[in-house]
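Listed here are the chains, written in short residue letters.
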Amino acid sequence: MKKIVLLGLLASASLTLTVTSCSNPDYKKDEEIAVQPLPPLPAEAAGQDSAAAAAAAAKQEINAVNATEAIKKMQPQM
């Protein structure tokens, strides 16, 4: 019984030391942070939206020619 109490006291003492010694003086608190406005949103992309592109792709027949063209469209241009 004494060993269990001793282990409990030791665990609580180490936990207390760990919690109290974890304050970082270099940490910036919320009141020290300068508030800046967000940058403006970029302009919308011109072209087909994703829903219309997905609908057109779903209507397309699945064959080797169409698959090759779709893969070429997905690859970046060099």
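Attention shifts here to the overall build of the chain. When helices and strands are tallied, the chain shows three helices and zero strands. About 8200 Å² of surface is accessible on the chain, with carbon and sulfur atoms providing 65% of the total.

Below, the discussion takes up the side chain of Asn-66. For Asn-66, the location among the structural elements is in helix α3 (residues 64–74). Judged by relative accessible area, Asn-66 falls into the buried class, the value being 18%. Apart from residues lying up to four places away in sequence, Asn-66 is in contact with Gln-60 and Glu-61.

Taken residue by residue, the chain gives an average pLDDT of 75. The fraction at 70 or more is 67%. Averaged over each element, pLDDT in the chain is lowest for helix α1 (residues 2–20) (68) and highest for α3 (87).

About the criteria used
Residues numbered from 1 in each chain as written. Predicted model: local features only at pLDDT ≥ 70, side-chain atom pairs only at ≥ 80, totals over all residues. Heavy atoms only, no water. Helix = DSSP H or I, 4+ residues; strand = E, 2+ residues; numbered from the N terminus. Areas by Shrake-Rupley, 256 points an atom, 1.4 Å probe, with all protein chains shown as cover. Buried < 20%, exposed > 50% of the residue type's maximum accessible area, 1.4 Å probe, protein only. Contact = heavy atoms within 4.5 Å. pLDDT = per-residue confidence, 0-100.

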